[in-house]
Amino acid sequence: MKAIQWIISALVAVVIIAAAVGGGVYFTRLKSIHSIRKLTDYENYNLYRMDIDYAYDLDRLIDRGITDNQSMINAILAEALPYLPIHMKAPNFGCSAFCTQGTDGHTLMGRNYDFKNDTSAMLVYCTPKDGYASVAFAALDNINANTPDASMAKKLATLTAPFICLDGMNEKGVSIAVLTLDSDPTYQQTGKPMIATTLAIRLVLDRAATTAEAVELLSKYDMFASSGRDYHFYITDASGDGRVLEYDCNDPTLTVTPSRSVTNFFVMYKDNVLPNQRNGVYGHGRERYDAIEEILDANAGSIDREIAWQALQAASQAPNPQDVTSNTQWSILYDNTALTAEAVIRRDWNTKTSYDLVSNVAVTDVG
């Protein structure tokens, strides 16, 4: 969020007074803010957690009408921060992801979030009415809140977190991640309700019990790829059904391709993509895809969490200011069966935060 501090600060007193009256719209929002906790202890960028207590309405948000970046942002802000005239920038996403089954029979989804700008992360816990509980990760740099506990302005900005998450897992064992592409941004106009990139993630986490249900859900909407970039989604479930959902760069229809791994190229056009180079509209990152596949193939039949973490490390990236999809900000291993997750921030492989969705408990272990 750009230049929001002075705008929000001027209204903080009004918000607090409204909440103090009791039953005001900001009572549960302030309760959500109060739940923010710091989980790591790095000098600049950290992992935080937050429990969303206010009752958002995803259908109402979508029904406000999304036609471009600004209308998407306005719809998010109207739902998360009603009555506050603030502005927000739309996020960008890089990354690698894969799905595999461990020797214990658990389905694991590994995900690296890569972006050139350093960011703090927020572990976001949601329990929507008539929806599934979930945990998801948001990049706080996208809302100018890398230190969310530093001021009331930044705390208020985090109320948008449910709608800007980049990956997550719900209580049914469905996990989803978004990854950027090099093609022109998808903009479907077939007459269906329009949904934007991160809202698709929230929709799946709240309402899909399987990968197949997630595909069916997203097929009911036209897609608007926000922030001037194109994207695809990787969705897995507890059964190990991993699929890449892509909006064909040659014909923007929704295409579903089963795949164990995915990076920043169209999986449906995998044969057109070479490693260590850009491949036009078809994308890049084949070398990271190959690195993941090589490790998973070499350990077929004996894959466990350690092997999955080796695959994440092999596909991780050091900072490169010239490459928007470099600089791994977080790596996470979702267990769709046990409903747990392990997360690492900025390639510090010896420090893991473990999270249990059932108990909603997070613990950081500094190795």
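Residues numbered from 1 in each chain as written. Predicted model: local features only at pLDDT ≥ 70, side-chain atom pairs only at ≥ 80, totals over all residues. Heavy atoms only, no water.

*Asks:* Give me the pairing of strand S17 (residues 328–335): which residues, what numbers.
*Replies:* Judged by how many residues are buried, S17 sits mostly within the fold: 8 of 8 residues are covered. Bridge analysis of strand S4 (residues 107–114) against S17 gives 7 bridges, and the strand direction is antiparallel. When the sheet's bridge partners are listed, Leu108 is paired in S17 with Asp335. Looking at chain direction, S17 and strand S18 (residues 340–345) are connected through 6 bridges and run antiparallel. Of the residues in S18, the one forming a bridge with Asp335 is Thr340. Counted between consecutive antiparallel strands, the loop separating S17 from S18 contains 4 residues, among which Leu339 sits at a positive phi close to 60°. (Buried < 20%, exposed > 50% of the residue type's maximum accessible area, 1.4 Å probe, protein only. Helix = DSSP H or I, 4+ residues; strand = E, 2+ residues; numbered from the N terminus. Pairing = 2+ DSSP bridges.)

*Asks:* Tell me about the state of the cysteines, and name the residues and values.
*Replies:* For the structure shown, the criterion picks out 0 disulfides. Note on Cys95: no disulfide assigned, nearest cysteine sulfur contributed by Cys165 at a separation of 13 Å. Left without a disulfide partner, Cys99 is nearest to the cysteine sulfur of Cys95, which lies 17 Å away. With relative accessibility at 7%, the residue Cys99 sits in the buried group. (Disulfide = S-S within 2.5 Å.)

*Asks:* Describe the packing of helix H8 (residues 286–298) against helix H9 (residues 305–315), naming the residues involved and giving the relevant values.
*Replies:* Taken N-terminus to C-terminus, the directions of H8 and H9 make an angle of 160°; their axes are 8 Å apart at the nearest point. In terms of axis orientation, H8 runs roughly antiparallel to H9. Here H8 and H9 pass one another in a crossing that is right-handed. Residues Arg288, Ala291, Ile292, Ile295 and Leu296 of H8 form the contact with H9, whose own contacting residues are Ile307, Gln310, Ala311, Ala314 and Ala315. Here the contact of H8 with H9 is built from residues that sort into 8 nonpolar, 1 polar and 1 charged. (Axes fitted to C-alpha atoms, helices over the stretch in contact; angles between N-to-C directions. Parallel < 35°, antiparallel > 145°, perpendicular 65-115°, else oblique. Left-handed = near helix turned anticlockwise from the far one by under 90°. Contact = heavy atoms within 4.5 Å. Nonpolar A, V, L, I, M, F, W, Y, C, P; charged D, E, K, R; others polar.)

*Asks:* Can you lay out helix H7 (residues 211–218) for me, pointing to particular residues and giving the numbers?
*Replies:* All of the buried residues in H7 are Thr211, Ala214, Val215, Leu217 and Leu218. Seen from one end, H7 has its buried residues packed into an arc of 160°, which puts them on one side. Tucked into the core, H7 has its buried residues touching helix H6 (197–207), strand S11 (230–236), strand S12 (243–247) and strand S13 (254–258). (Arc of directions from axis to C-beta.)

*Asks:* Describe the packing of aromatic side chains, naming the residues involved and giving the relevant values.
*Replies:* The description of an aromatic ring pair rests on the distance of the ring centres and on the angle between the ring planes. One pass over the full model with this rule turns up 9 aromatic pairs. Ring centres of Tyr113 and Trp330 lie 4.4 Å apart, and the angle between their planes is 35°; this geometry places the pair in the tilted category. With a gap of 217 residues between them, Tyr113 in strand S4 and Trp330 in strand S17 connect regions that are remote in the sequence. Neither Tyr113 nor Trp330 differs from the other in exposure class; each is buried. For the ring pair Phe265 and Tyr289, a centre distance of 5.3 Å and an interplane angle of 70° mean the geometry is edge-to-face. Separated by 24 residues along the polypeptide, Phe265 in strand S15 (residues 264–265) and Tyr289 in helix H8 bring together distant segments of the chain. A relative accessible area of 0% places Phe265 in the buried class. For Tyr289, a relative accessible area of 6% corresponds to the buried category. We note Arg29 situated over the ring of Tyr26; from NZ or CZ to the ring centre the distance is 5.7 Å. (Phe/Tyr/Trp six-rings, centres within 6.5 Å; stacked < 30°, edge-to-face > 60°. Lys NZ or Arg CZ within 6 Å of the ring centre and 35° of its normal.)

*Asks:* Can you lay out the environment of Cys249 for me, pointing to particular residues and giving the numbers?
*Replies:* For Cys249, the location among the structural elements is in the loop between S12 and S13. In this structure, the C-alpha to C-alpha distance between Cys249 and Asp184, residues 65 residues apart in sequence, is 7.3 Å. Those residues in contact with Cys249, other than ones at most four positions away along the chain, are Ser183, Phe266, Tyr269, Val281 and Tyr282.

*Asks:* I'd like to hear about unusual backbone geometry, residue by residue, with values.
*Replies:* Across residues other than glycine, the phi torsion is negative in most instances, and most of the peptide bonds are trans. Even without a glycine there, the phi angle at Leu339 is positive, about 60°. Mapped onto the elements of the fold, Leu339 is located in the loop between S17 and S18. Positive phi, normally seen in glycine, also occurs at Asn360, with a value near 60°. By relative accessible area, Asn360 is classed as buried at 15%.

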